[in-house]
Amino acid sequence: MAGSGVRAAEPGAAADAGYAASTSVGVHNAYLQSAFPYLADALDSGAGMLELDVWTNFFGSGWRVGHDSPFTNQNNCVGATSPDGLRSGERDQGLAACLTDLRTWHDANPGHRPIQLKFELKDGFADNLGRGPAAFDALVEETLGDAVYRPGELAAGHASLDEAVAADGWPGRDELAGRFLIHLIPGTVEQGNPFDELWTDEEYGRHLRDLSASGELDRAVAFPAVLGAEAGDPRVGRYEESLRPWFVVFDGSAPTYLESVDTGWYNERGYLLVMTDAHNVAPPISATDPTEEEALARVNELAAGGATVASSDWTGLPSVLSTVVPH
């Protein structure tokens, strides 16, 4: 936009940037039918990150995907096994169907942009019900397989993810073309449960540490994220020392990051920094339908602040969702 002062997508410059050194745009709760009629629409939108909410508890069977119902599935997934079925069939399917849609779309779009998948475990893992970290790995492996960029690939012989990022950094966007990258956060219900003392982030962090110790890190499919913007190193007050090196993804409020956190600390160390509620940075703009110029200006502001992902609910702005800019 000439004269607007807003930098739009620069495909040539951003495509070759390191993944952690560029900013893409994410969609909050992309599995909702009110956001996109079908998950394939979310994938076609150009967004660099899509969020899904997952339930595991005993109120329902299997891994369920939905927002506010722990009993049933409420989503835009159909479990299509061929591209022509991605926008037909019955929606409101379980996590396995959502993963199947992802795989079918992936196979039909070779070399697609790197897509980060954010999973909020609404009520946490339920290992006692067969829905723990190892079962999650197995489900993703069965469906997405080599489409997922894994912690074992990042570690590549290093003692931990932190050591790997410090030594070699993340791959470039070109290297991650055609791949999904999964990060996990504890859910709102889990955080409010006084009987849950082992949240998703810590539980999966332990899982990575233990898999690495047994030489089986290649089985893991996801990166646990430190949830919540906080000054300093937020891992120190939350996790025992042996777990801290397994956290290289951070996820929290954009207003807090930009207003009270030295985000240079994340960028200097090559960490992924997901900034949510991009619309709420002062002065706030619409969470759903800002103008294209407003949204692009906000993305560039978060890019300048070191975000790897700027997330909101701008589902009606594909030109913004497909934006990628270097820091």
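Bear in mind that the values here come from a model prediction, so they are computed numbers and not experimental data. (Residues numbered from 1 in each chain as written. Predicted model: local features only at pLDDT ≥ 70, side-chain atom pairs only at ≥ 80, totals over all residues. Heavy atoms only, no water.)

A. Fine view of the pairing of strand β5 (residues 180-186). Counting buried positions over the 7 residues of β5 gives 7, a clear majority of the element. The side-chain alternation of β5 yields two buried faces, one formed by Phe180, Ile182, Leu184 and Pro186 and the other by Leu181, His183 and Ile185. Examined bridge by bridge, strand β4 (residues 115-121) and β5 share 7 bridges and lie parallel to one another. From the neighbouring strand, Glu120 faces β5, where its bridge partner is Ile185. Judged from the 3 bridges that link them, β5 and strand β6 (residues 222-227) form a sheet pairing that is parallel. Residue pairing across strands places His183 opposite Phe223, the latter belonging to β6. (Buried < 20%, exposed > 50% of the residue type's maximum accessible area, 1.4 Å probe, protein only. Helix = DSSP H or I, 4+ residues; strand = E, 2+ residues; numbered from the N terminus. Pairing = 2+ DSSP bridges.)

B. Region of the structure containing empty space enclosed by the protein. Within the structure shown, the criterion is met by 1 cavity of 30 Å³ or more. Of the pockets and cavities examined, the largest cavity occupies roughly 30 Å³. In terms of lining, the largest cavity is formed by Tyr19, Pro114, Ile115, Tyr149, Leu176, Arg179, Phe180 and Leu181. A breakdown of the residues in the lining of the largest cavity according to their chemical character gives 7 nonpolar, no polar and 1 charged. (1 Å grid on protein atoms, 1.4 Å probe; cavity = no way out; pocket = protein on both sides within 12 Å on 5 of 7 lines; lining within 4 Å. Points joined across faces, edges and corners; volume = space filled by probe spheres on them. Nonpolar A, V, L, I, M, F, W, Y, C, P; charged D, E, K, R; others polar.)

C. Representation of the state of the cysteines. A complete count under the given rule lists 1 disulfide for this structure. With a sulfur-sulfur separation of 2.0 Å, Cys77 is cross-linked through a disulfide to Cys98. Since a negative S-S torsion denotes a left-handed disulfide, the Cys77-Cys98 link at about 100° is right-handed. Taken together, the residues Cys77 in the loop between β3 (64-65) and α3 (95-108) and Cys98 in helix α3 connect sequence positions 21 residues apart. Cys77 gets classed as buried once you look at its relative accessible area, which sits at 0%. You can call Cys98 buried: its relative accessible area is 0%. (Disulfide = S-S within 2.5 Å.)

D. Highlighting the confidence of the model for the protein. The pLDDT averaged across the protein works out to 94; a share of 95% of its residues lies at or above 70. This stretch, residues 1-7, has a pLDDT under 50; its non-local contacts, to residues over four places away or in other chains, come to 12 contacts. (pLDDT = per-residue confidence, 0-100. Contact = heavy atoms within 4.5 Å.)

E. Quick peek at the packing of helix α4 (residues 133-143) against helix α8 (residues 200-213). Between α4 and α8, the shortest axis-to-axis distance is 10 Å and the interhelical angle comes to 80°. Regarding the angle of α4 to α8, the classification is roughly perpendicular. Seen from α4, the contacting residues are Pro133, Ala134 and Asp137; seen from α8, they are Glu203, Tyr204, His207 and Leu211. When grouped by side-chain class, the residues that make up the contact of α4 with α8 number 4 nonpolar, 1 polar and 2 charged. (Axes fitted to C-alpha atoms, helices over the stretch in contact; angles between N-to-C directions. Parallel < 35°, antiparallel > 145°, perpendicular 65-115°, else oblique.)

F. Molecular detail of the layout of surface pockets. Here the largest pocket defines a volume of roughly 380 Å³. Along the walls of the largest pocket sit 18 residues, with Asn57, Asp123, Phe125, Asn193 and Asp196 positioned nearest its centre. Split by residue class, the lining of the largest pocket holds 8 nonpolar, 5 polar and 5 charged. Roughly 300 Å³ of volume is contained in the second largest pocket. Lining the second largest pocket are 21 residues, with His28, Glu51, Lys118, Glu120 and Ile185 sitting closest to its centre.

G. The packing of aromatic side chains, seen in detail. Applying the stated rule across the entire model yields 17 aromatic pairs. An angle of 50° between the planes, with centres 5.3 Å apart, marks the rings of Trp170 and Phe223 as tilted. Taken together, the residues Trp170 in the loop between α6 (161-168) and β5 and Phe223 in strand β6 connect sequence positions 53 residues apart. The same class applies to Trp170 as to Phe223, namely buried. Positioned above the aromatic ring of Tyr38, the side-chain terminus of Arg91 is 5.1 Å from the ring centre. (Phe/Tyr/Trp six-rings, centres within 6.5 Å; stacked < 30°, edge-to-face > 60°. Lys NZ or Arg CZ within 6 Å of the ring centre and 35° of its normal.)

H. Layout of unusual backbone geometry. Of note, the amide linkage connecting Ala282 to Pro283 takes the cis form, showing an omega dihedral of -10°. Tracing the backbone through its elements, the reader meets Pro283 in the loop between β8 (272-276) and α11 (292-304). The backbone of Asn29 shows a phi angle near 50°, a positive value even though the residue is not glycine. Turning to its location among the elements, Asn29 is positioned in the loop between β1 (22-27) and α2 (39-44). In this structure Asn29 comes out as buried when scored by relative accessible area, which is 3%. Notably, Asp277 is not glycine yet its phi reads approximately 55°, a positive angle. With respect to the element layout, Asp277 can be found in the loop between β8 and α11.

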